[in-house]
Amino acid sequence: MSVTRINLTVNGSKEVVDVPSNWTLLQMLREKMALTGTKNGCAAGECGACTVMLNGEPVNSCMVLAVECDGAEVVTVEGLVQDGQMDVLQQTIIDAGGVQCGFCTPGMLISARALLDRNPNPSADEVRAALVGNLCRCTGYIRIVEAVQTAAQASQ
Amino acid sequence: MHNPHPGLPELEYVKPASLEEASAFLVAHKGEARPFLGGTDTFVRMRDGFWKEKYLVDIKGLDGTNVITFDPAKGLTIGSAIPMNKVSAHPDVKKNYSLLAAACDTVASYQLRNRATIVGNICNASPAGDTIGACMAYGGVLTVFGAGGVRQEPLATFFKGPGKNALQTGDIVTAITFPIPPKPHSGRYMKLGRNKMSDLSIVGVTVLAYKDAAAKSGYTFKVVLASVAPVPFMAEAAQQILAEEPVTEESIGKAAEAAMQAVKPIDDVRSSARYRSYMVRNLTRQALSEVWQQVKS
């Protein structure tokens, strides 16, 4: 099986990586780059634990081949921290009690960040629709939705 | 039955430089190669062991696959590599083909729709494909590049069975085109799933209606049913009732009954066949009533 050398930007840093052709973006991030914030849940595009930003839009990284990412820009949950400062969403989800086991949180944060980038003031229904692909088995979602709306208000 | 390991089976990723090259590769590796777009179905089936192709031929970016254009005289063309979110957010789609935009937004999740494509949804030929009803109601035609040149495949004759379509080895769908829709028209996609959002459909009912002087009733209704037969299909008897009889709550009920008579559902993990049949009648009646209220005013 072939190995391809790809160039990409991950969390603002330029990277050159050799990837086997059947590797997903998720595998490359976790196993080659030690970015283990991105989680492997269902490996079927349903749970959203592996959600990352690819060229500015959220995708399930278990459903993207690493070789497809040559030239791409990827942001993972680790990349939400800028100059040691957490994204406002990270603080509001902690404050709201929207983190319990924490497994869904990285994907949840990426989907929520993508939502606020395209819609800075979403209604609760819009938050729920945007997070439909991020499953949480602990919180019951209410505190997560509240955290996203609080972050939206804080950013106004 | 999901493999908990994220790894895909051994495969080679092929990125051809042209449609000719892609088609020739698919012909030369018949049975071992498959064109792929967003991969949202492909990867699941490969992980589960149902698809065993050795080569995935990435057709995203090949000639015509990456553009979405609207011409007020000719209609809409959506390249096969355009993800659903780009379709549903496109201003000309929202304005002129709102039923298609609404259908796209019912598929899985936002992040999945950044990869999933309409053409991929169609080529999978799933009886449950969420965007297929709107594509059929708007008269969608596929542009296919194949060994014998470029040809057009209307959706009306494209589906041959669950997972089976009219494509031959070496064929690559580059785009789907739609004629200018009737103005004004009204459409509704009623999707019944096990949850309110994100699930596969138990029943999918698509209805499109517009004023039509050529119809005896003065109106044409298109009714497309999904998840209730081996292929998505137009409920022609239901359409005929509403073309010929004055449109009333009574004739709408009769058409919904005719839609129910036309289905051939199966029992599966999502629903019993019997429940599907009754829900076809109920959802068709509801969708027809809603679009009728809009189109008559």
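Being a predicted model, the structure only gives us computed values, none of them experimental.

A.B. asks: So what exactly am I meant to see when it comes to the overall build of chain B here?
C.D. replies: Scanning chain B for helices and strands turns up 11 helices and 14 strands. Computed over the C-alpha atoms, the radius of gyration of chain B is 19 Å, within 12% of the 19 Å expected from 2.2 N^0.38 for a compact globule of 297 residues. Taken along the three principal axes of its C-alpha coordinates, chain B extends 60 × 45 × 30 Å. Buried positions account for 52% of the 297 residues belonging to chain B.

A.B. asks: Just to check I follow, could you spell out the overall build of chain A for this structure?
C.D. replies: Within chain A, the regular secondary structure consists of five helices and five strands. Order of helices (α) and strands (β) in chain A, N terminus to C terminus: β-β-α-β-β-β-α-α-α-α. In terms of overall dimensions, chain A is globule-like: its C-alpha atoms have a radius of gyration of 15 Å, near the 15 Å expected for 156 residues. By its C-alpha atoms, chain A is 45 × 30 × 25 Å across when sized along the principal axes. Evaluated residue by residue, chain A yields a buried proportion of 53% over its 156 residues. By sequence separation, contacts in chain A at least 24 residues apart represent 59% of the contacts at least 6 residues apart.

A.B. asks: Sorry, what's going on with helix H2 (residues 88–95) of chain A here?
C.D. replies: Given 3.6 residues per turn, any residue in an α-helix points the same way as the ones three and four places further on. Among all positions of H2(A), only A:Leu89, A:Gln90, A:Thr92 and A:Ile93 are buried. Looking one or two places after H2(A), you find A:Gly97, whose phi comes out positive at around 75°.

A.B. asks: Can you walk me through the sheet that holds strand S14 (residues 233–234) of chain B in this structure?
C.D. replies: Hydrogen bonds along the backbone pair up the strands of a sheet, which may run parallel or antiparallel. Residues and elements named next belong to chain B. In spatial order, the strands read S11-S12-S13-S14; together these four strands make up an open sheet with antiparallel pairing. At either end of the open sheet lies a strand with only one pairing partner, and these are strand S11 (185–192) and S14. The pairing of strand S13 (residues 219–226) with S14 spans two bridges and is antiparallel. Looking at the pairing, Leu225 lines up with Phe233 of S14.

A.B. asks: Can you help me understand the environment of B:Tyr13 in this one?
C.D. replies: Mapped onto the fold, B:Tyr13 is located in strand S1 (residues 12–14). A C-alpha to C-alpha distance of 6.0 Å links B:Tyr13 and B:Tyr55, two positions 42 residues apart in sequence. With residues up to four places along the chain from it excluded, the contact list for B:Tyr13 reads A:Ser21, A:Leu65, A:Val67, B:Leu56 and B:Asp58.

A.B. asks: Teacher, can you tell me more about the interface of chain A and chain B here?
C.D. replies: Interfaces are often described in size by the accessible area the parts lose on coming together. Chain A puts 29 residues into the contact, and the matching count from chain B is 27 residues. Those elements that place two or more of their residues in the side of chain A that touches chain B are helix H1 (25–32), strand S4 (57–60) and helix H4 (124–130) of chain A. Looking at which element gives the most residues to the side of chain A that touches chain B, the answer is S4(A), with four residues. For the side of chain A that touches chain B, a count of residues per class yields 15 nonpolar, 12 polar and two charged.

A.B. asks: It is not clear to me how the environment of B:Lys15 should be interpreted in this structure. Could you clarify?
C.D. replies: All names here are of chain B. Mapped onto the elements of the fold, Lys15 is located in the loop between S1 and helix H1 (19–28). Note on Lys15: 17 C-beta atoms within 10 Å, which makes it partly exposed. Measuring from C-alpha to C-alpha, the distance between Lys15 and Thr131 comes to 27 Å, with 116 residues separating the pair along the chain.

A.B. asks: Just to check I follow, could you spell out the pairing of strand S1 (residues 3–10) of chain A for this structure?
C.D. replies: Consecutive residues of a regular strand have side chains that alternate between opposite faces of the sheet. Residues and elements named next belong to chain A. With eight bridges joining them, S1 and strand S2 (residues 13–20) adopt antiparallel strand pairing. Its bridge partner lying in S2, Asn7 is registered against Val16. Between S1 and S2, which follow one another and run antiparallel, lie two residues, and Asn11 among them has a positive phi close to 50°. Pairing analysis gives two bridges linking S1 to strand S5 (residues 73–75), with the strands arranged parallel. Its bridge partner being in S5, Val10 is matched across the sheet by Val74.

A.B. asks: Would you take a moment to explain the sheet that holds strand S7 (residues 149–154) of chain B for this structure?
C.D. replies: Residue and element names in this part refer to chain B. One open sheet holds the five strands; their spatial order is S4-S5-S10-S6-S7, and the pairing between them is antiparallel. Lying at the two open borders of the sheet, with one neighbouring strand each, are strand S4 (68–71) and S7. With strand direction ignored, the average angle separating the axes of adjacent strands in the sheet is 20°. Along the sheet face, H1 touches strand S6 (141–146) and strand S10 (172–178) and points at about 125° away from the line of S10.

A.B. asks: Please explain the packing of H2(A) against helix H3 (residues 105–118) of chain A as it appears in this structure.
C.D. replies: For any two helices packed against each other, one specifies the inter-axial angle together with the distance between the axes. Residues and elements named next belong to chain A. In contact at an axis separation of 10 Å, H2 and H3 are set at 125° when each is read in the N-to-C sense. In terms of orientation, H2 and H3 fall into the oblique class. Between H2 and H3 lies a crossing whose hand is right-handed. Contacts between H2 and H3 involve Leu89, Gln90 and Ile93 from the first element and Thr105, Leu109, Ala112 and Arg113 from the second. Its residues assigned to classes, the contact of H2 with H3 comprises four nonpolar, two polar and one charged.

A.B. asks: How do you make sense of the nonpolar core when you look at a structure like this?
C.D. replies: Buried together is how nonpolar side chains tend to be arranged in soluble globular proteins. A:Val148, B:Leu100, B:Cys135, B:Leu225, B:Ala259 and B:Val280 are the most contacted members of the largest nonpolar core, which totals 143 residues. Sort the elements by how many residues they give to this core and helix H11 (residues 273–296) of chain B lands first, with eight residues. Apart from the residues within four sequence positions on either side, B:Ala259 is in contact with B:Val223, B:Leu225, B:Ala235, B:Ala238, B:Val280, B:Arg281 and B:Thr284.

A.B. asks: What is the right way to look at unusual backbone geometry in this model?
C.D. replies: For residues that are not glycine, phi is negative in most cases, and the peptide bond is trans in most cases. For the bond running from B:Lys183 to B:Pro184, omega is -10°, close enough to zero to count as cis. Among the secondary structure elements, B:Pro184 is positioned in the loop between S10 and S11. For A:Tyr141, which is not glycine, the phi torsion reads 75° and is therefore positive. One non-glycine residue, B:Ala125, lies in the positive phi region at around 55°.

A.B. asks: What am I meant to see in the domain arrangement of chain A here?
C.D. replies: All names here are of chain A. Once the domains are mapped, chain A shows domain 1 (3–76) and domain 2 (88–154). Between the C-alpha centres of domain 1 and domain 2 there is a distance of 22 Å. Going through the elements one at a time, strand S3 (51–54) and S4 are the ones with two or more residues in the side of domain 1 that touches domain 2. The leading source of residues in the side of domain 1 that touches domain 2 is S3, at three residues. Here the residues of the side of domain 1 that touches domain 2 are counted per class, giving six nonpolar, four polar and two charged.

About the thresholds
Residues numbered from 1 in each chain as written. Chains lettered and ligands numbered in written order. Predicted model: local features only at pLDDT ≥ 70, side-chain atom pairs only at ≥ 80, totals over all residues. Helix = DSSP H or I, 4+ residues; strand = E, 2+ residues; numbered from the N terminus. Rg over C-alpha atoms; globule rule 2.2 N^0.38 Å. Buried ≥ 20, exposed ≤ 12 C-beta atoms within 10 Å, placed from the backbone. Contact = placed C-beta atoms within 7 Å. Pairing = 2+ DSSP bridges. Nonpolar A, V, L, I, M, F, W, Y, C, P; charged D, E, K, R; others polar. Axes fitted to C-alpha atoms, helices over the stretch in contact; angles between N-to-C directions. Parallel < 35°, antiparallel > 145°, perpendicular 65-115°, else oblique. Left-handed = near helix turned anticlockwise from the far one by under 90°. Core = buried A, V, L, I, M, F, W, Y, C linked by C-beta atoms within 7 Å. Domains from an automatic or database assignment.

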